Amino acid sequence: MARRGSVWTAALRTPVGACSAVLLALVVVLSVLAPLLWGDGAAAIDTDAIGQGPSGAHPFGTDSLGRDLLLRTLVATRLSVGLAVLATAIGAGTGVVLGTLPSVLPRRVGRLLTAVVDIAVAFPGLLLALFLAVIFGVGTHGAVLAIGFAMAPAFARLVQTLSASVSGRDFVAAARIAGVGRARLLARHVLPNIGEPLVVNATIGAGSALLAFAGLSFLGIGVQAPDYDWGRLLREGLDGIYVNPAAALAPAAAVVLAGLAFNLVGETVAAVVGVRTRARRRGAPPRPAARPALAQPPADAVLVVENLRVAFPGPDGWTVPVRGVSFSVRAGEAIGVVGESGSGKSLTALAVSRLVEAPGVVTADRLEFAGTPLAEASDRELGTALAMVFQDPMTSFNPARRVGGQLAEVSEQHHGLSRRAAFARAVDRLAAVRVPAAERRARQYPHEFSGGMRQRAMIGMGLMGRPKLIVADEPTTALDVTVQRQVLRLLARTRETEGAAILLISHDIAVVSQTCERMLVMYAGRIVEDLPTGSPARHPYTRALLATTVDLETDRDRPLEVIPGRPPEPDQVPEGCAFAARCPLASERCRTEDPVLEPAADGHRVACWHPQVTALSGQSHEEGAA
Ligand code: SF4
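Residues numbered from 1 in each chain as written. Predicted model: local features only at pLDDT ≥ 70, side-chain atom pairs only at ≥ 80, totals over all residues.

Engineer: Which parts of the structure should I look at to understand the overall build of the chain?
Structural biologist: Regarding its fold elements, the chain presents 21 helices and 13 strands. Taking 25 Å as the expected radius of gyration for a compact globule of 626 residues, we find that the chain reaches 33 Å, considerably beyond that expectation. Across its three principal axes, the chain shows a C-alpha extent of roughly 110 × 55 × 50 Å. Per-residue burial over the chain gives 46% buried out of 626 residues. Considering only contacts within the chain whose residues lie at least 6 apart along the sequence, 69% involve residues at least 24 apart. (Helix = DSSP H or I, 4+ residues; strand = E, 2+ residues; numbered from the N terminus. Rg over C-alpha atoms; globule rule 2.2 N^0.38 Å. Buried ≥ 20, exposed ≤ 12 C-beta atoms within 10 Å, placed from the backbone. Contact = placed C-beta atoms within 7 Å.)

Engineer: What should I look at first to understand the site of the ligand in this one?
Structural biologist: Neighbouring the ligand are P540, C577, F579, A580, C583, L585, A586, C590, P595, C608, W609 and H610. A per-class count over the shell around the ligand returns eleven nonpolar, one polar and no charged. (Near = placed C-beta within 6 Å. Nonpolar A, V, L, I, M, F, W, Y, C, P; charged D, E, K, R; others polar.)

Engineer: Explain the domain arrangement of the chain here, please?
Structural biologist: How big an interface is tends to be stated in terms of accessible area lost as the parts join. For the chain, the domain assignment lists domain 1 (2-39 + 75-273) and domain 2 (529-550 + 561-626). Taken over C-alpha atoms, the centre of domain 1 sits 60 Å from the centre of domain 2. (Domains from an automatic or database assignment.)

Engineer: It is not clear to me how the nonpolar core should be interpreted in this structure. Could you clarify?
Structural biologist: Ranked by size, the top nonpolar core spans 171 residues in total, and within it I147, L210, F213, L469 and L503 carry the most contacts. Here this core takes 15 residues from helix α8 (residues 182-218), the largest share from any one element. When residues of this core are assigned to domains, at least three fall in each of domain 1 (2-39 + 75-273) and domain 2 (529-550 + 561-626). (Core = buried A, V, L, I, M, F, W, Y, C linked by C-beta atoms within 7 Å.)

Engineer: How should the environment of L520 be read in this particular structure?
Structural biologist: Relative to the elements of secondary structure, L520 occurs in strand β10 (residues 518-523). Between the C-alpha atom of L520 and that of L101, which follows or precedes it by 419 residues, the distance is 41 Å. Residues contacting L520, with those up to four places away along its chain left out, are F327, I335, V337, I527 and D530.

Engineer: Would you mind going over the pairing of strand β12 (residues 598-601) with me for this structure?
Structural biologist: Side-chain positions along a regular strand alternate between the two faces of the sheet. Where β12 meets strand β13 (residues 604-606), three bridges bridge the pair, whose relative direction is antiparallel. If you follow A601 over to β13, its bridge partner there is H604. A loop of two residues connects β12 with β13, the two strands running antiparallel in sequence, and G603 in this loop sits at a positive phi of about 70 degrees. (Pairing = 2+ DSSP bridges.)

Engineer: I'm lost on the environment of S165 in this one. Help?
Structural biologist: In this fold, S165 is placed in helix α6 (residues 140-167). For the pair S165 and V190, spaced 25 residues apart in sequence, the C-alpha to C-alpha distance is 9.4 Å.

Engineer: For this particular structure, what's the right way to read the packing of helix α3 (residues 69-104) against α6?
Structural biologist: Packed helices, taken two at a time, are described by the angle their axes make and the gap between the axes. It is the contact of α3 with α6, at a shortest axis distance of 5 Å, that shows an interaxial angle of 40 degrees. In terms of orientation, α3 lies oblique with respect to α6. Crossing handedness for the pair α3 and α6: right-handed. When its residues are assigned to classes, the contact of α3 with α6 shows 18 nonpolar, eleven polar and no charged. (Axes fitted to C-alpha atoms, helices over the stretch in contact; angles between N-to-C directions. Parallel < 35°, antiparallel > 145°, perpendicular 65-115°, else oblique. Left-handed = near helix turned anticlockwise from the far one by under 90°.)

Engineer: Please explain helix α13 (residues 403-414) as it appears in this structure.
Structural biologist: The terminal C-alpha atoms of α13 lie 18 Å apart, and with twelve residues this matches the ideal 16 Å at 1.5 Å per residue to within 8%. For α13, a buried count of eleven out of twelve residues is recorded, marking the element as mostly surrounded by other parts of the structure. Along α13, the residues classified as buried are V403, G404, Q406, L407, A408, E409, V410, S411, E412, Q413 and H414. Against the buried residues of α13 lie α12 (379-385), α14 (419-432), α15 (438-442) and α16 (451-462). A positive backbone phi angle near 65 degrees is found at G416, which sits one or two residues after α13. (Expected span 1.5 Å × (residues − 1).)

Engineer: How do you make sense of the packing of helix α2 (residues 15-43) against α3 when you look at a structure like this?
Structural biologist: The contact between α2 and α3 brings their axes to 7 Å, and the two run at 130 degrees. When the axis of α2 is compared with that of α3, the two are oblique. Where α2 crosses over α3, the handedness of that crossing is left-handed. Together, V27, L30, S31, A34, P35, W38, G39, G41 and A42 of α2 and L71, R72, L74, V75, T77, R78, V81 and G82 of α3 make up the contact between the two elements. Tallied by class, the residues present in the contact of α2 with α3 amount to ten nonpolar, five polar and two charged.

Engineer: I would appreciate a short explanation of unusual backbone geometry in the present structure.
Structural biologist: With the exception of glycine, most residues fall at negative phi, and the peptide bonds are largely trans. The backbone of N307 sits at a positive phi, close to 55 degrees, despite the residue not being glycine. In this structure, N307 sits in strand β1 (residues 301-314). For R354, which is not glycine, the phi torsion reads 60 degrees and is therefore positive. In this structure, R354 sits in the loop between α11 (345-352) and β4 (361-363).

Engineer: Just to check I follow, could you spell out the sheet that holds strand β11 (residues 526-532) for this structure?
Structural biologist: What holds strands together in a sheet is hydrogen bonding between their backbones, with the strands either parallel or antiparallel. Spatially, the eight strands line up as an open sheet ordered β7-β8-β9-β3-β10-β11-β13-β12, and their pairing is mixed. Two strands close off the open sheet at either side, each with one partner strand: β7 (386-389) and β12. Along the sheet, successive strands turn relative to each other by an average axial angle of 25 degrees, direction set aside. As judged from the four bridges shared by β7 and strand β8 (residues 469-473), these two strands associate in the parallel manner. If you follow L386 over to β8, its bridge partner there is L469.

Engineer: Would you take a moment to explain the environment of R429 for this structure?
Structural biologist: Considering the arrangement of structural elements, one finds R429 in helix α14. The exposure class assigned to R429 is buried, which follows from the 25 C-beta atoms found within 10 Å. Dropping the residues within four chain positions of it, R429 is found in contact with L407, G460, L463 and M464.

Engineer: I keep staring at the confidence of the model for the chain and nothing clicks. Help me out?
Structural biologist: Atom-level detail of predicted coordinates should not be read off regions where pLDDT is low. Mean pLDDT for the chain: 82, with 90% of residues reaching 70 or above. Confidence scores differ between elements of the chain, with helix α21 (residues 621-625) showing the lowest mean pLDDT of 38 and β10 the highest of 94. Contacts for the low-pLDDT stretch residues 274-282, under 50 throughout, to residues beyond four places or in other chains number 13 contacts. Contacts of residues 618-626 to residues separated by more than four positions or lying in other chains number 23 contacts, the stretch itself having pLDDT below 50. (pLDDT = per-residue confidence, 0-100.)

Engineer: Looking at this model, I keep getting lost on the pairing of strand β9 (residues 501-506). Mind explaining?
Structural biologist: Most of β9 is tucked away, with six of its six residues classed as buried. Burial along β9 is two-sided: the residues A501, L503 and I505 and I502, L504 and S506 are all buried. In this structure, strand β3 (residues 334-338) lies alongside β9, joined through five bridges in parallel fashion. Looking at the pairing, I335 lines up with L503 of β9. Summarising the sheet, β8 and β9 pair through five bridges and their orientation is parallel. Each bridged residue has a counterpart across the sheet, and for A472 the counterpart in β9 is L504.

Structure, rendered in structure tokens:
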């Protein structure tokens, strides 16, 4: 809190911050006090002072009824600013509703609404306000509604963009996989995290609303007599500009200063907060290539994946980072997925957790979880039976909510527990994953946890239900070695006590070897080898990965092994074997024919035209793969 306070203090010490604070204070004080102090004086008609120019008694002169223009300008502050703020509130409120509705409405209706917002945004704001003012009618109410609704499309667009950026965050995915409904997801996880940029935009929008209001009143379709705002005063002043040029000066200066105040406040808030994002899609994804079907999966399989593909639209067509992946996971089994960055292992994990966001497209010949097609499983079913542990424990939790509350939400949603009972279960689960002083910790925010403790709490969240499968995507990458070991032990213990299968994604083959009994090696979006961790590796890529593993036995006098070259980009996968350019055994056949994943031994599949069976030099296969 102190840090946040110091950020604001620093912002207010800048020239922009100081000016905005002074101007805003002036506007607020005048809005409150001016009508009380000078309301009667501003309304007093003086037939002896009609249409006078500036003088000591009337610094900006008088109007056609002898009323003092300075007092009238000061008194008009309340109405002018009040109406602008009201219109902004209508615009922001309507914008938030329009911007969030597409997320909760059926897809077609949502798209239609988005298209309507897009068309409305294309209209210049003032033109739209004029159009709406005609519809709502002349007068204060009509003008407020017109300006408010004219501002709404821009707010709606902003909400859509910000929501899209937050929806991709891990803590939202965690809530979704926990089965939190769309409306609740929006209300509890998305909106609280886009509030600050919305406030920034609303503050700047209030300045625009002020100008728009002055414009409508100036045109005679805003505030009507006997009420008056700065726009009306400006119009009256311009009517007599040849008699008293100063008459238009006071309201014009007031509009400029108040508009400046709002914009500078917005700039100051924006400087403290800061935000940005975007998204896109095009055409239909390419049809999946035919791949050989997976051998009959075991009867106790909790996850069956056959010819899984994940595609994303790009500027030059579709990119397919996962290109036909097939495997199954048995109940209680621990399977590791290894490969370099960009091999498609994390996307595979997201696809089987139903977390690939649009515009990504997931297709598969068969994708079943616990005997049910994944696409047909309800969020509630999936939420209790499938747990996800993400790479970055900091982004896995909503930073604005206490850890215990986030865990408890799972039981409130799925088990119908009361808030108190759900919280008690959350404390129990935190204790189960060895978070010390679980009750006190449950009342803390994620930033008060250490990295390892957050990761344990994330596993605890998965245990709020009865998970059949825990998908852990690089769960130890962000942790130091000691904590990494603790988390791996916890996963192994959880598997024993809960009977849950584990799909562990990692770039570290040693981590997978310690934790899993089977290993899937991925390269360029395909599984190139599927082997028990105690078996000798046969694929040149797996062997190269093993050769680069460093441990305490590694000869420090010899240079470290590296795999030459880089994996191909997902949109530039070559014909034939994708590893051919880096493979020392590549033949002509390898460069033209794509090898298929085929059984090489019992429980061992390999996709290679020249699989190896000899031991790695200086390292037995047992040591290497297990
Ligand atoms: S198919 Fe050929 S290029 Fe590919 S890994 Fe096997 S030997 Fe190497």
